[in-house]
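One letter stands for each residue in the lines below.
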Amino acid sequence: MGSAATMHLGSWVQTYSVLNYAGRSITPSCLILNPFRKTLQFHKHNPVFSLTKAKRLDISSYPYTSTAISAVHLSKEDRLKEEVENEDNPIDETTIPFNFKTYMYQKGNSVNEALEKSITVKEPIKIHEAMRYSLLAGGKRVRPVLCIAACELVGGDELTAMPSACAVEMIHTMSLIHDDLPCMDNDDLRRGKPTNHKVFGEDVAVLAGDALLAYAFEHIVNETMGVSPTRVVRVVGELAKVIGTEGLVAGQVVDMESGGLTEIGLDKLEFIHIHKTAALLEGSVVIGAILGGASDEEIGKLRKFARCIGLLFQVVDDILDVTKSSQELGKTAGKDLVTDKATYPKLIGIEKSREFAEKLNKDARDQLSEFDSAKAAPLICLADYIANRQN
C-alpha cells in the first residue's frame, strides 16, 4: 500500500478527512444498548428498529454497549433464553425489519459450521488438533462475515463466499497463533483460553499456523463453486497480497522494529496498523466483492470502506487495551502500557482516539452511500459494531 493509500492522522488532528469523500450517509437501524440502564435504546440517527415478527428477544442481560453484541458464540441455554418472549417490550411490526444481532448470529453459526467441517482430525493427529484448537476457539468472526456481507451486497450469496470467508478466518487464526509466540508478543491468553503454544508447544504452534496458511488457499481453490476461474485467481492474488510484504507481514515487521523506541510518530503508527490489522479486513471485503461479481468501481468503494474500518478496528483495540480488564477482553490487557508500545491513546490521548474512531466510522459509511441501503445495512452495522465493541 503506497502513500496514496495512507490516511494521515497528523493532519486530522487539525483538520482531518480520511478520504475527502463527499457522499450522503446512510444509516440503517442498528440495535444498541445502554450499559447503564440495561434497557433498549436506538441509534441516534435511526430511532426505528424491529425484530422479526415471530420473536421477541430478551437482551437486557447482555452487558454490551452500542452494537457490540457478541451473538456469534452463545451456549444452547443462552440461545433459548434469547428466544423467550418479553411482554414488556412489544414489537412494532411496521418498522424496518433488519436485526443486526440476528444477522450476526445466523452468519456466525454458518461460518462456524463451515469451519468445523473444513478441517477434520486425521493423521498426523497432533497438528490437526492444534489447527482446530485455535480455529474453533471462538471469536467474533468479523472477517468472514464481512466477506459474506460484501458478496451479498453486490449480488452474490453466502454459499459462493463461504470458502473464502473460511480461508480469511484460517489466515487470521494463523496470525494470532504466530503473534502469541514467545519470539513475538509472548502471550499466554487468547479468546479466553491458553494460547496455542501453551497447549501444544512452540514447535507445533508454528507448524499449525503454517498449515492453516497453506490450507486457506487450497480451500478457496477446491471449494469455491459457480465463480469464473479468473475471479478465483483474482481472489487468491488479493489474499496473498494483503498478508505478505505489502500487508500483514509488513506491518508486523515494522511493529517489531519499533519495539522499545520512544520516538514513534503518527505516520509510522498508522503504517503499522493499516498493514498489520486493516489489510486483512480490507482483503475480506474486497474478496467478497470480487466473488459477488462487483465492478472495479464498486470494488474501489468497498476497498476504501474496508480500509477505514480496518484502521478503526485497531484504534478501538488500542483504547480497549487501556480501559478493559483481561477477563473482559479474553486476552491480556494493558500489555501495550507495560511494553511502552506506541498506541493511539499514548500519542494523542483517549478522547482524541475516540474522536478519530468516530471519524473513521463516518467516512467508512460514506463509501456505501451509492449502494442499495437495504443490502448495505449489514456492512454499516458491522462498522458500528467494530466502533463500539467491548472486547
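In case you missed it, the structure is sitting above this.
To keep things clear, this report deals only with the structure shown in the data block. (Residues numbered from 1 in each chain as written. Predicted model: local features only at pLDDT ≥ 70, side-chain atom pairs only at ≥ 80, totals over all residues. Heavy atoms only, no water.)

1. Some thoughts on the overall build of the protein
1) Next: Counting its secondary structure elements, the protein contains 17 helices and 4 strands.
2) Next: Across the 391 residues in the protein, those meeting the buried criterion constitute 54%.
3) Next: Considering only contacts within the protein whose residues lie at least 6 apart along the sequence, 76% involve residues at least 24 apart.
4) Next: Carbon and sulfur atoms provide 53% of the accessible area of the protein, an area that totals close to 17400 Å². (Helix = DSSP H or I, 4+ residues; strand = E, 2+ residues; numbered from the N terminus. Buried < 20%, exposed > 50% of the residue type's maximum accessible area, 1.4 Å probe, protein only. Contact = heavy atoms within 4.5 Å. Areas by Shrake-Rupley, 256 points an atom, 1.4 Å probe, with all protein chains shown as cover.)

2. A short note on the nonpolar core
1) Next: In this structure, Leu-239, Leu-302, Phe-305, Leu-368 and Leu-379 are the most contacted members of the largest nonpolar core, which totals 95 residues.
2) Next: Per-element accounting of this core gives the leading share, 13 residues, to helix α12 (residues 296-323). (Core = buried A, V, L, I, M, F, W, Y, C linked by side-chain atoms within 4.5 Å.)

3. A short note on the environment of Cys-381
1) Next: When you line up the elements, Cys-381 lands in helix α17 (residues 373-388).
2) Next: With 277 residues separating them along the chain, Cys-381 and Met-104 place their C-alpha atoms 10.0 Å apart.

4. A short note on the packing of aromatic side chains
Here a ring pair, both rings aromatic, is described through the centre-centre distance and the interplanar angle of the planes.
1) Next: Evaluated as defined, the whole model comprises 4 aromatic pairs.
2) Next: Between Phe-98 and Tyr-103, the aromatic rings sit 5.8 Å apart at their centres with planes inclined by 45°, giving tilted as the arrangement.
3) Next: Overall, Phe-98 belongs to the buried group, its relative accessible area being 15%.
4) Next: Its relative accessible area of 9% is what places Tyr-103 among the buried residues.
5) Next: The cationic tip of Arg-143 hangs over the ring face of Phe-313; the distance from NZ or CZ to the ring centre is 5.2 Å. (Phe/Tyr/Trp six-rings, centres within 6.5 Å; stacked < 30°, edge-to-face > 60°. Lys NZ or Arg CZ within 6 Å of the ring centre and 35° of its normal.)

5. Notes on unusual backbone geometry
1) Next: Omega for the peptide link from Glu-123 to Pro-124 comes to -10°, which places this bond in the cis form.
2) Next: Topologically, Pro-124 is positioned in the loop between α3 (100-118) and α4 (125-135).
3) Next: Positive phi, normally seen in glycine, also occurs at Asn-186, with a value near 55°.
4) Next: By the element assignment, Asn-186 lies in the loop between α6 (158-179) and β3 (189-190).
5) Next: Residues other than glycine seldom take positive phi values, yet Arg-191 does so here, at roughly 55°.
6) Next: According to the relative accessible area criterion, Arg-191 is partly exposed, its value standing at 22%.

6. A few points about the state of the cysteines
1) Next: Evaluation of the coordinates by the stated rule reveals 0 disulfides.
2) Next: For the unlinked cysteine Cys-147, the closest cysteine sulfur is that of Cys-151, found at 6.9 Å.
3) Next: When its relative accessible area of 0% is taken as the criterion, Cys-147 is described as buried.
4) Next: Between Cys-166, a cysteine without a disulfide, and Cys-147, which holds the nearest cysteine sulfur, the sulfur-to-sulfur distance is 9.3 Å.
5) Next: For Cys-166, a relative accessible area of 1% puts it in the buried group. (Disulfide = S-S within 2.5 Å.)

7. Brief notes about empty space enclosed by the protein
1) Next: Scanning all chains against the criterion turns up 2 cavities of 30 Å³ or more.
2) Next: Of the voids in this model, the largest cavity is the one considered here, and its volume is about 100 Å³.
3) Next: Every residue lining the largest cavity is counted, 13 residues in all, and those nearest its centre are Ser-134, Ala-137, Asp-180, Arg-190 and Asn-196.
4) Next: Mapped onto the lining of the largest cavity, the elements with two or more residues apiece are α4, α6 and β4 (193-194).
5) Next: Of the residues in the lining of the largest cavity, the class split is 5 nonpolar, 4 polar and 4 charged. (1 Å grid on protein atoms, 1.4 Å probe; cavity = no way out; pocket = protein on both sides within 12 Å on 5 of 7 lines; lining within 4 Å. Points joined across faces, edges and corners; volume = space filled by probe spheres on them. Nonpolar A, V, L, I, M, F, W, Y, C, P; charged D, E, K, R; others polar.)

8. As for α6
1) Next: Between its first and last C-alpha atoms α6 spans 30 Å; for 22 residues at 1.5 Å apiece the expected length is 32 Å, and the two agree.
2) Next: Within α6, 20 of the 22 residues are buried, leaving the element largely enclosed by the surrounding structure.
3) Next: Where α6 begins, the side chain of Asp-157 points an oxygen toward the backbone nitrogen of Leu-159, at a separation of 3.3 Å. (Expected span 1.5 Å × (residues − 1). Polar contact = N/O pair within 3.5 Å; in protein donor to acceptor, adjacent residues only side chain to side chain.)

9. Some points on the packing of α12 against α17
1) Next: Running from N to C, α12 and α17 cross one another at 20°; their axes reach a closest spacing of 9 Å. In terms of orientation, α12 and α17 fall into the roughly parallel class. When the axes of α12 and α17 are compared, the crossing they make is left-handed. Within the contact between the two elements, α12 uses Leu-302, Phe-305, Ile-309, Leu-312, Phe-313 and Val-316 and α17 uses Leu-379, Ala-383, Ile-386 and Ala-387. (Axes fitted to C-alpha atoms, helices over the stretch in contact; angles between N-to-C directions. Parallel < 35°, antiparallel > 145°, perpendicular 65-115°, else oblique. Left-handed = near helix turned anticlockwise from the far one by under 90°.)

10. A word on the packing of α6 against helix α9 (residues 229-243)
1) Next: Put simply, α6 and α9 touch, their axes get as near as 12 Å, and they point 15° apart. With respect to their mutual orientation, α6 and α9 come out roughly parallel. By crossing handedness, the relation of α6 to α9 is classed as right-handed. For the pair α6 and α9, contact is made by Ser-164, Ala-167, Val-168 and Ile-171 and by Val-235, Leu-239 and Ile-243, respectively.

11. Examining helix α5 (residues 142-153)
1) Next: The end-to-end C-alpha separation of α5 is 16 Å, in line with the 16 Å expected for 12 residues at 1.5 Å each.
2) Next: When we look at burial in α5, the residues that qualify are Val-142, Arg-143, Pro-144, Val-145, Leu-146, Cys-147, Ile-148, Ala-149, Ala-150, Cys-151 and Leu-153.
3) Next: Its buried side turned inward, α5 meets α3, α6, α11 (266-291), α12 and α17.
4) Next: Phi turns positive one or two residues past the end of α5, at Gly-155, with a value near 110°.

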